[in-house]
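Fold and contact review
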Amino acid sequence: MKLIYLANIGLPGDWAHSLQTIKMCEAFAGLGIEVEIIVPKRSAKALINEDPFVFYNVAKTFKITRLFCIDLTPGGTGLFNFLVRTISFLCSARWHLFFKNWDILYTREQLAGFFFSNLVFELHLTLRQRVEELL
């Protein structure tokens, strides 16, 4: 079984959701599932310059794939930048996954439903809460 974990996160990063996402991938792989985490390829200014497996102290039992996204202000926040980065990342992921075989698409990305069907969605914040957080 192949699981794709789609995550619009900086990797590695010091946010709690980055750690939780990596730990979930490690746990899924520990169950014998083939796991590939897909994250945006971001500017070095936006990331910690270290191997994610070393940084999070997790077993190298899954694959990390970085895809193109438009990152207008590397390391910055703001609603417009968030939407541009998210939508461009999801477009890249849609194109990338069009050519791959996978069984489960797992994500916390609320806009992913506009790009994919048949996904497992883990919710922590509503989109409204996320937008309010960015304003």
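Residues numbered from 1 in each chain as written. Predicted model: local features only at pLDDT ≥ 70, side-chain atom pairs only at ≥ 80, totals over all residues. Heavy atoms only, no water.

Considering the side chain of E122
- Mapping E122 onto the fold places it in the loop between β5 (120-121) and α4 (127-134).
- Summary of buried charges: E122 has no salt-bridge partner, and the nearest side chain of opposite charge, R108, is 4.4 Å away.
- Only 3.1 Å separates the side chain of E122 from the side chain of Q20, close enough to count as a polar contact.
- Among the polar contacts listed, one links the side chain of E122 to the side chain of Y106, at a separation of 2.5 Å.
- Sequence-distant contacts of E122, that is, excluding residues within four places in its chain, are made with Y5, Q20, M24, Y106, T107 and R108. (Helix = DSSP H or I, 4+ residues; strand = E, 2+ residues; numbered from the N terminus. Buried < 20%, exposed > 50% of the residue type's maximum accessible area, 1.4 Å probe, protein only. Lys, Arg positive; Asp, Glu negative; His and termini not counted. Salt bridge = Lys/Arg side-chain N within 4 Å of Asp/Glu carboxyl O. Polar contact = N/O pair within 3.5 Å; in protein donor to acceptor, adjacent residues only side chain to side chain. Contact = heavy atoms within 4.5 Å.)

Let's talk about the nonpolar core
- Ranked by internal contacts, the top residues of the largest apolar core, which has 18 residues, are Y5, V35, I37 and F62.
- Going through the elements one at a time, β1 (2-6), α1 (16-30) and β2 (34-40) are the ones with two or more residues in this core.
- The element that contributes the greatest number of residues to this core is α1, accounting for four residues.
- In contact with Y5, not counting residues within four places along its chain, are Q20, T21, M24, C25, F28, E36, I37, I38, Y106, R108 and E122.
- In this structure, I4, C69, A93 and F116 belong to the second largest nonpolar core, which totals 13 residues. (Core = buried A, V, L, I, M, F, W, Y, C linked by side-chain atoms within 4.5 Å.)

Section: α1
- Counted at 1.5 Å a residue, the expected span for α1 with its 15 residues is 21 Å, and the 21 Å between its end C-alpha atoms agrees.
- Turning to α1, its buried residues are S18, T21, I22, C25, F28 and A29. When α1 is viewed along its axis, its buried side chains cluster within an angular range of 125° and face the same direction. Facing away from the buried surface of α1 by more than 90 degrees, the exposed residues are A16 and G30.
- For α1, the elements touching its buried residues are β1, β2 and β4 (104-107).
- Looking one or two residues past α1, G32 carries a phi angle of roughly 90°, positive in sign. (Expected span 1.5 Å × (residues − 1). Arc of directions from axis to C-beta.)

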